[in-house]
Amino acid sequence: MQFHAQHNTPTPTSSRTHASGSTRRRTGRLVGAAAVVGLGTLTSPGAHAADNPYERGPAPTTSSIEASRGSYAVSQTSVSSLSVSGFGGGTIYYPTSTGDGTFGAVAISPGYTAYESSIAWLGPRLASQGFVVFTIDTLTTLDQPDSRGRQLLAALDYLTERSSVRTRIDASRLGVMGHSMGGGGSLEAAKSRPALQAAIPLTPWNLDKTWPEVTTPTLIFGADGDTVAPVASHAEPFYSSLSSSLDRGYLELNSATHFTPNSSNTTIAKYSISWLKRFIDNDTRYEQFLCPLPRPSLTIEEYRGNCPHTS
């Protein structure tokens, strides 16, 4: 095992280039929500409105984000492919309670030749931490990354506009994830819709190697033993091509393969939860797990990124 410790030096930090876009919109939402709080109309104890109206759940600990389930009980509902257009249906996982207000939402795509079942473990694991999660099937198992990107966006639109849980979702706080070609699709989705708040490609594959147009905070997972989408020709150049002014991260899993994201994995869950909480919920309580940069370990080959985060 090679640690590549030289990559753990933080990159220079600067403001995101689209500060007038989603960052300003987030600021506006915070100010607006704070004003509502001042009027006493937002009284949910889970909202922590005095500091950040989007915080959900108790203060995190290492054990809480490494646990197989978070603090929220989770319900789920199946979505038939016959009832939707633009993607292949799937399963929605969501916090059962409505006492804490609305939640951010994440759509997750499987990879080439794969089905929703290959990424289903992420549904309840993320939802129990305070998100609405939509694990989807694609129109066909052979769909390429650009198609999977469009399908992720169609799934988010269905979630926020037509789904049975749409009233539980804050449509301004959305993210995407995906495995393999679905990971490449999550980059495509973020490129197409800059308003997305977070993107997490998992051992991604894409013929497009450069992503300077992406303005969404992006955490890329690679695997040191990946022979399908080797990090040297996929995950690493994807990360390196992201703007240096963007909040970005690259976590290379140690002793892992291309298919490691297809089964329950504590390292993937821990840092995905932290990334989604930090950027979809603007919850700086999770910054502690991302900054200082995680060090090499039995499960982390290397981690690159910027600290502190500026979004």
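Preceding this section is the structure that the text describes.
Residues numbered from 1 in each chain as written. Predicted model: local features only at pLDDT ≥ 70, side-chain atom pairs only at ≥ 80, totals over all residues. Heavy atoms only, no water.

Engineer: So what's going on with the side chain of Ser147? Residues and values would help.
Structural biologist: Position of Ser147 among the secondary structure elements: in helix α4 (residues 145-161). Given the relative accessible area of 14%, Ser147 is considered buried. Looking at Ser147, its side chain comes within polar contact range of the side chain of Gln151, at 2.8 Å. (Helix = DSSP H or I, 4+ residues; strand = E, 2+ residues; numbered from the N terminus. Buried < 20%, exposed > 50% of the residue type's maximum accessible area, 1.4 Å probe, protein only. Polar contact = N/O pair within 3.5 Å; in protein donor to acceptor, adjacent residues only side chain to side chain.)

Engineer: For the sheet that holds strand β2 (residues 90-95), give the residues involved together with the corresponding values.
Structural biologist: In space, the nine strands of this open sheet follow the order β1-β2-β4-β3-β5-β6-β7-β8-β9, with mixed pairing throughout. The sheet terminates laterally at β1 (74-79) and β9 (300-305), the two strands that pair on one side only. The mean inter-strand angle of the sheet, taken between neighbouring strand axes irrespective of direction, is 15°. Judged from the five bridges that link them, strand β3 (residues 103-109) and strand β4 (residues 131-136) form a sheet pairing that is parallel. Along β4, the bridge assignment pairs Ala107 with Phe134. Most of the contacts of helix α5 (residues 181-192) go to strand β5 (residues 169-179), to which it runs at about 145°, and overall it touches β3, β5, β6 (198-202) and β7 (218-223). (Pairing = 2+ DSSP bridges. Axes fitted to C-alpha atoms, helices over the stretch in contact; angles between N-to-C directions. Contact = heavy atoms within 4.5 Å.)

Engineer: Explain the side chain of Ser118 to me, and be specific about the residues and the numbers.
Structural biologist: Here Ser118 shows up in the loop between β3 and α3 (122-127). Here Tyr115 takes part through its backbone oxygen, which lies 2.7 Å from a polar atom of the side chain of Ser118. Sequence-distant contacts of Ser118, that is, excluding residues within four places in its chain, are made with Pro110, Pro261 and Asn262.

Engineer: Residues and numbers for the environment of Ser75, please.
Structural biologist: One can find Ser75 in strand β1. Expressed as a C-alpha distance, the spacing of Ser75 and Pro95, which sit 20 residues apart in the sequence, is 6.3 Å. Contact partners of Ser75, with chain neighbours within four places excluded, come to Ile92, Tyr93, Tyr94 and Thr96. In this structure the side chain of Ser75 is engaged in a polar contact, spanning 2.7 Å, whose partner is the side chain of Thr96.

Geometric values such as these leave the question of function open.
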